Structures are given as C-alpha cells and as structure tokens.
Number of protein chains: 2
Amino acid sequence: MTTAAVDKRRVILDAAVRVFARQGFHTCRVSDIADEAGVAYGLVYHYFSSKEEILDTLFLERWDVMLAAIAESDASQRSPRDKLYAVAAFIIDSYRHDPELMKVIVVEVTRAANTFGLTHLEKIREAYAGIAAIVEQAQADGLFRSEITPEFAAQAFYGSVEQVLTGWIFDSVAIGAPEFERAKTLIVETICRGLER
Amino acid sequence: MTTAAVDKRRVILDAAVRVFARQGFHTCRVSDIADEAGVAYGLVYHYFSSKEEILDTLFLERWDVMLAAIAESDASQRSPRDKLYAVAAFIIDSYRHDPELMKVIVVEVTRAANTFGLTHLEKIREAYAGIAAIVEQAQADGLFRSEITPEFAAQAFYGSVEQVLTGWIFDSVAIGAPEFERAKTLIVETICRGLER
DNA sequence: CCTGATCCTGACTGATCAGTCAATCGATCG
DNA sequence: CGATCGATTGACTGATCAGTCAGGATCAGG
C-alpha cells in the first residue's frame, strides 16, 4: 500500500466523520461520503466493503484507544477518584479534540446499540467493565461503599459522562476550555461523593 | 370514530411497539407493522400519515405522562431526595410495566436525537428542565451544594437512570421486582449523596 | 517500454420500500 | 331497499441507493 493509498483511505474516513456527524449514518448516502472526500464513488468500495464497515472502522479506531486509557488508569497507583477523573478526562478531551468523531461514536454506535451497535456491544461492555474494575478495587480497599455493585456504579458514572456529552452535542452552545475542565471535576466530584464511604 | 376504529388504531400502535423493539425503526418495513397488527398495509396509512408519525405518537403519548409526573413531583412538599426518587421510580416503573415501549422510546427517540429525535429535542429538554427545577429548589433551600448547576445535575441524574435502563434493554438478563426497587434506591442514593451538602 | 498490479472512475443495476389509490366491504339510516 | 360514508384491502408505482463492474490511469520492477 503506497503512501497515497493510505492517504485516500484516511481522506474517506475523515470525510465520513463529517458526513455522519452532519446527516447521520442512516440518512446519508455513500455518494455523500465520496463527494465530501472528493473521490469517485467506487473508490469507497475499493477500501471498504460496505458503508457499515466505515462506521465500524471509525468506532474501533477510537474505542480501542479509550479502552487502553481506562486499563492504564486502572493499573496506575492513583486514588480511585483520580482514576475515575482520568477516565472522564479522556472521554471529555476526546470530544474536545474531535467533536464530530465523538458525536458519531456516541450517537451512531454507543447510543444506537439497537440498529448498529449490537455488533459492538461486547466492545462497549469492555469499557463498563474497566470502570467497574476501578470501583471494585476501591471497594476492596474500603474507600468506596459496598452497597452498590461495581457494574451499577460504572453505568451510573459512564451514563453521566455520556449524557453531558450528548448535551453538548445537541445543545450546540459554544463551550471553551474552562467548561470542559469544570465538567470533568463536577462529574467526578458528584459521583465519587456518592460512592465514597 | 366507532369503537372498532379506535381499536384498530390501537392495535396498529401496539404492533408497532413490538416491531420497533424487535427490528428497530429504520430497519423495519411498514408492512412488518401491518402484518404484526394483522391488518392490511393500506390501513396503516388510513390512521397515520407516515411511518414516523407512528413513532411520534408512541413517544408523545408516554413522554407527556412522564413530564406530568416530574412536574407533580416537583410541586409536592417532599424532600428533594424523595422528589428525585419519585422521578427515578416513574421511569423505572415505566420500563417494568412495558419494557418494549420504553426500549423504543429510549433507543429510537431519546438516544437517537440525531436522526429522529431532533424533532422532539424540545420535549426531551423539558424533562431535564423539570429535574433541574427540583435541584434548583433544593439548592435554594440550602439542602444541595451550589457548586453544580441544576442543569448539569439534571443531566447526570437522568443520564444515570437512562444508562441503567439501557443496560437492562441490551443485556437481556431477566430481572425481577427486587432489582427494580434496588435500582431506584441505589441511583437516587448515589446521586443525592453527591449533590447534598 | 512492456507488463502486471493497484488505484481510481462513474454509469449502471437490482432490490427495496414508503406511500398511493381504486375498488370492496359493511354499518347506519331514511 | 338503496344510498352514503367511513373502514378496509392489497396491488402498484416511483424514487432511492447500496453495491457492481468494466474499463482507464498510474506506478513499480524487469
């Protein structure tokens, strides 16, 4: 695969992010992606076997990085609160860095587990499991209350983060660095106060 | 409109719930709904002007009841914690009473704000606003901390509830009355501990 | 400069499906 | 009885679009 070829593949993926974010996966046509990428229709099928595979690729590219970040945070020697902060910070920074990509992942995959995300349910669950592992450790160390199952706590935590993201995605109010930082602190502060002894 | 006529409309709506829950809104055909309802294809268009209007109707029917429940809880003289408990209980009981309908509402409307729910964004926001009103009152009464904006707290709260619901929807593990009751308590307990002074 | 491979093009096809409509059914009433 | 009108039927149409394919361009190696 030559450098040019790699580039065209990337160009198509990047164009797809913009198109999916703007029109939605189900509503857009493959030709929209080709047009946005400035590439012939057929070339899309040279690099991807279907429209779905494009979304697949975008999701997995990013999600795997997130799973690694969660695992790394879990493995670190920080306090549970700092570990959860690292997770929230990763997700929020992902949005900050590339809002369109995160919109596509959240809206078209994570929150659409029905139509499309069923394929990725296992991957999505891995994220919950990673967060649950952090909570479980904190409970074992006597830092978090044990009434709540780690799985439940993980859902509450992830749910809060994703809902805040969803708010930004659809409320279309401009937000800057301070708001992002504040959101990280507030979510973690709220949920951890709820979980701590 | 005769009684029989009212019934057919209802039969179609109920069939649509089952079909949407099973196949998803985008993936199902109108003929699937007609078949499920045991009714001719054309009759669907006698009662509804489009496939979307069916989903519209299902969503609004239920959502308006929920908005009323939130408003009523807010207006009551209970403690903030009890008010939020009432909201969580309403949503969770809705799922318990009709899981397929709640699956459709959450998956196809609430969590699909992109493709379809944009139409209902305003309605959805009303729910957040109602929850935020409860938090705001609690802050004014000095019961909740003021660092967190009511809107933010509402998103965290609603996000947690919806994520737990989503877990039930997709994990397809059988759950009984005790789990539902436990979930209400745990969510409210966790979030309120995080919000209280 | 030939040859095979890979990249790239866009017109075309085949299937799908939302929505239409002309025709039938059946209840109600004068 | 027969006229009227809403309920009901399902075959049909028109548009859309994912994916194919046959061929042209470009490049690498011999």
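Structure: see above.
Attention in this report is confined to the structure presented alongside it. (Residues numbered from 1 in each chain as written. Chains lettered and ligands numbered in written order. Predicted model: local features only at pLDDT ≥ 70, side-chain atom pairs only at ≥ 80, totals over all residues. Heavy atoms only, no water.)

This part covers the protein's contact with DNA strand C. Among the 17 residues in the neighbourhood of DNA strand C, the closest are listed as A:Ala40, A:His46, A:Tyr47, B:Val30 and B:Tyr41. Protein-adjacent atoms of DNA strand C, using a 4 Å cutoff, are sugar or phosphate at a proportion of 64%. B:Val30 places a main-chain nitrogen or oxygen 2.9 Å from a phosphate oxygen of DNA strand C. A distance of 3.2 Å is found between a phosphate oxygen of DNA strand C and a backbone nitrogen or oxygen belonging to B:Lys51. Looking at the surface near DNA strand C element by element, the count peaks at five residues for helix 3 (residues 41-47) of chain A. When the residues that make up the surface near DNA strand C are grouped by side-chain class, the tally is eleven nonpolar, three polar and three charged. (Near = heavy atom within 4 Å. Polar contact = N/O pair within 3.5 Å; in protein donor to acceptor, adjacent residues only side chain to side chain. Helix = DSSP H or I, 4+ residues; strand = E, 2+ residues; numbered from the N terminus. Nonpolar A, V, L, I, M, F, W, Y, C, P; charged D, E, K, R; others polar.)

We now examine the relation of the copies chain B and chain A. Laying chain B over chain A is done by rotating through 180° and shifting 0.0 Å along the axis; what remains is an RMSD of 0.0 Å. Seen this way, the second copy is the image of the first under a two-fold rotation axis. By residue overlap, the copies meet face to face through one surface: 100% of the interface positions of chain B are interface positions in chain A. (Least-squares fit on C-alpha atoms with pLDDT ≥ 70 in both. Contact = heavy atoms within 4.5 Å.)

Bringing the protein's contact with DNA strand D into the picture now. Close contacts around DNA strand D come from 16 residues, with A:Val30, A:Tyr41, B:Ala40, B:His46 and B:Tyr47 the closest. Looking at DNA strand D alone, sugar and phosphate atoms form 65% of those within 4 Å of the protein. Side-chain polar atom of B:Lys8 to a phosphate oxygen of DNA strand D: 3.2 Å apart, as the coordinates give it. A distance of 2.8 Å is found between a phosphate oxygen of DNA strand D and a side-chain nitrogen or oxygen belonging to B:Tyr47. At the level of elements, helix 3 of chain A together with helix 1 (3-23) and helix 3 (41-47) of chain B are the ones that each hand at least two residues to the surface near DNA strand D. The element best represented in the surface near DNA strand D is helix 3 of chain B, accounting for five residues. Classifying every residue of the surface near DNA strand D gives ten nonpolar, three polar and three charged.

Another aspect to go through is the interface of chain B and chain A. Opposite the 44 residues of chain B that make contact, chain A presents 44 residues. In this assembly, chain B packs against chain A so that about 3500 Å² is buried in total across both faces, 55% of it on carbon and sulfur atoms. Residue A:Asp171 is joined to B:Arg125 by a salt bridge in which the shortest nitrogen-to-oxygen separation is 3.0 Å. Summed over the shared surface of chain B and chain A, the result is 17 residue pairs in polar contact (both at pLDDT 80 or more). Looking at the side of chain B that touches chain A, the elements that each hand over two or more residues are helix 1, helix 6 (99-109), helix 7 (121-140), helix 8 (150-171) and helix 9 (177-195) of chain B. Sorting elements by how many residues they give to the side of chain B that touches chain A places helix 8 of chain B first, with twelve residues. When its residues are assigned to classes, the side of chain B that touches chain A shows 18 nonpolar, 13 polar and 13 charged. (Buried area = accessible area lost by both parts, 1.4 Å probe. Salt bridge = Lys/Arg side-chain N within 4 Å of Asp/Glu carboxyl O.)

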